Amino acid sequence: MTRTTPERPVAPLGLFPELSGYRRTGTRLHPRKGNPELHESSVAGPFLWPADEPWPMCQAVHEKGRGHRLAHVRLRRRILDDAWRRDPQRGPSDEEREILAGLQPGLHAPDLRDTDPIPMLAAAQLYSRDIPDLTGPEGYDLLQILWCPFEVHGPARTMDVMVNWRRSRDVTDVLTDTPEPAVVGRAECVPSPCVLHPEQITEHEYVGLLSDALQERIEAWEEELLEVAEENEEEYAPGEEYELTYQHDLSIPPGWKVGGFASWHLTDPARVDCSSCDTLMRPLLTIADREWDLGSLSWVPIEDRQVIRTMGASAPTDVYLGHGLMRIFTCPTDPTHPHRLSFQ
Ligand SMILES: [Zn+2]
Ligand SMILES: [Zn+2]
């Protein structure tokens, strides 16, 4: 099934023609739980990885034995998914709750030293044929993202992400047994397998990066909308409260995506410059905890209208990095320059 972002509630360029200088395409990935195949774009699906190429390992020094068993993370999700599907009111049975209570974090791999390498997790695999905004080094058609499932790397104590481009036609003998770490630092660093439904859309720059004059016009428009709503004494049902705004409805969609703009709703906008050539970098991949929330309902695909409030439907990948968003930035001059991460 495809996914279709509805028309914007108002036409952005009709209201603010100056936005024509602040447009860019992005590809919403629309991950949904499923069983992706080797030759498909996916989150946490099987990787097209050469059998004779070593699997990437986290070599950083940090605690590696304490955390959640990876097998427990998956068992917990399976139990909860089944339970909420079976009983949308109550969820897990008493017996299931007892099993879940036994899946506690702890020192599950006492023999692992902090200096021991551990396999990185296969997080996402993206084929350029599926994703119009995916641009890498010349001739490379497959992007593979791996990360260490501990948020403890570097001075910022955060994720360590590997960006791996390859030519899919070069892979003939495929690795069948993907190495995995036994223990993960946080369950929310483990993505659940999802199939993707890529859809190219047009975005408009984050409000704080528009010209001052345009920001003022947008602010005036939003105030006017509020006044009209108050005059009409519009009432919403609980949980339905919804106000049209530039940021929530016209600018940047929620969810996983390739390309487009970066939202800076938690911090002031920050320049992300290439460490090799100083060029302003662009978001390559945005990893989001939710595909929608109450502030971004206008972006919910038409095909998902029925499940807006279904338990878990808006968080199919089960990841939560940073304060909900991790962006991988790459250099537009040379995609092989080192990537950078930014969080919101
Ligand atoms: Zn690590
Ligand atoms: Zn560069």
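Keep in mind that this is a model prediction, so the values were computed, not measured. Numbering of residues begins from 1 in every chain and follows the order in which that chain's sequence is written. Whichever chain is written first is A, and whichever ligand is written first is 1; the rest continue in order. This being a predicted model, a pLDDT of at least 70 is required before a residue's local features are given, and a value of 80 or more before pairs of side-chain atoms are given or counted; all residues contribute to the totals for chains, interfaces and linings. As a convention, hydrogens and water are excluded, and side-chain values are obtained from all of the structure's heavy atoms.

S.K.: Outline the coordination of the zinc ion (ligand 1), listing residues and values.
M.R.: Six octahedral donors around a metal ideally make angles of 90 or 180 degrees; four tetrahedral donors ideally make 109.5 degrees. Distances decide who is a donor: an N, O or S atom must be within 2.8 Å of the metal, or within 3.2 Å for Na, K and Ca. Water is not included, so sites may look incomplete. Bound to the zinc ion (ligand 1) are the protein donor atoms Cys58 (SG), His62 (NE2), Cys148 (SG) and His153 (NE2), situated 2.1 to 2.3 Å from the metal. On the primary sequence, the residues serving as donors to the zinc ion (ligand 1) are separated as C-x3-H-x85-C-x4-H. Taken together, the residues Cys58 in strand E4 (residues 57-58) and His153 in the loop between strand E9 (142-147) and strand E10 (161-166) connect sequence positions 95 residues apart. Accessibility classification places Cys58 together with His153 in one group, the buried group. Under the DSSP-based scheme used, a helix requires at least four consecutive residues in state H or I and a strand at least two consecutive residues in state E, with every element numbered from the N terminus. Think of it in three bands: with a 1.4 Å probe and only protein chains considered, a residue is buried below 20% of the maximum accessible area for its type, exposed above 50%, and partly exposed in between.

S.K.: If you had to explain the domain arrangement of the chain to someone new, which residues and values would you point to?
M.R.: All domain edges in this entry derive from an automatic or database-based domain assignment. In terms of domain boundaries, the chain breaks down into domain 1 (1-30 + 200-344) and domain 2 (31-89 + 99-196). Every contact between the two is made by 32 residues of domain 1 and, on the other side, 33 residues of domain 2. Carbon and sulfur atoms supply 68% of the area that domain 1 and domain 2 bury against each other, a total of about 2,600 Å² over both sides. Only one rule defines a salt bridge in this text: a Lys or Arg side-chain nitrogen within 4 Å of an Asp or Glu carboxyl oxygen. Here domain 1 is connected to domain 2 by three salt bridges. Residue Arg77 pairs with Asp318 through a salt bridge whose shortest N-O separation is 3.8 Å. What qualifies as a polar contact is a pair of N or O atoms within 3.5 Å, subject to a donor-acceptor requirement within protein and to the restriction that residues adjacent in sequence count only when both atoms come from side chains. For the pair domain 1 and domain 2, the interface holds twelve residue pairs in polar contact (both at pLDDT 80 or more). For the side of domain 1 that touches domain 2, the secondary-structure elements that each account for two or more residues are strand E1 (23-28), strand E15 (282-288), strand E16 (325-330) and strand E17 (340-343). Looking at side-chain class alone, the side of domain 1 that touches domain 2 contains 19 nonpolar, nine polar and four charged residues. Two residues form a contact once any of their heavy atoms are found within 4.5 Å. Accessible area that two parts lose when put together, with a 1.4 Å probe and added across both, is what the buried area reports. Amino acid classes used here: Ala, Val, Leu, Ile, Met, Phe, Trp, Tyr, Cys and Pro are nonpolar; Asp, Glu, Lys and Arg are charged; the rest, including Gly, are polar.

S.K.: Give me the lowdown on unusual backbone geometry, citing residues and values where you can.
M.R.: Despite not being glycine, Arg157 shows a phi value in the positive range, around 45°. Summarising the element assignment, Arg157 is placed in the loop between E9 and E10. Notably, Asp278 is not glycine yet its phi reads approximately 70°, a positive angle. Here Asp278 is to be found in the loop between strand E14 (257-259) and E15. Accessibility expressed as a relative area gives 60% for Asp278, which makes it exposed.

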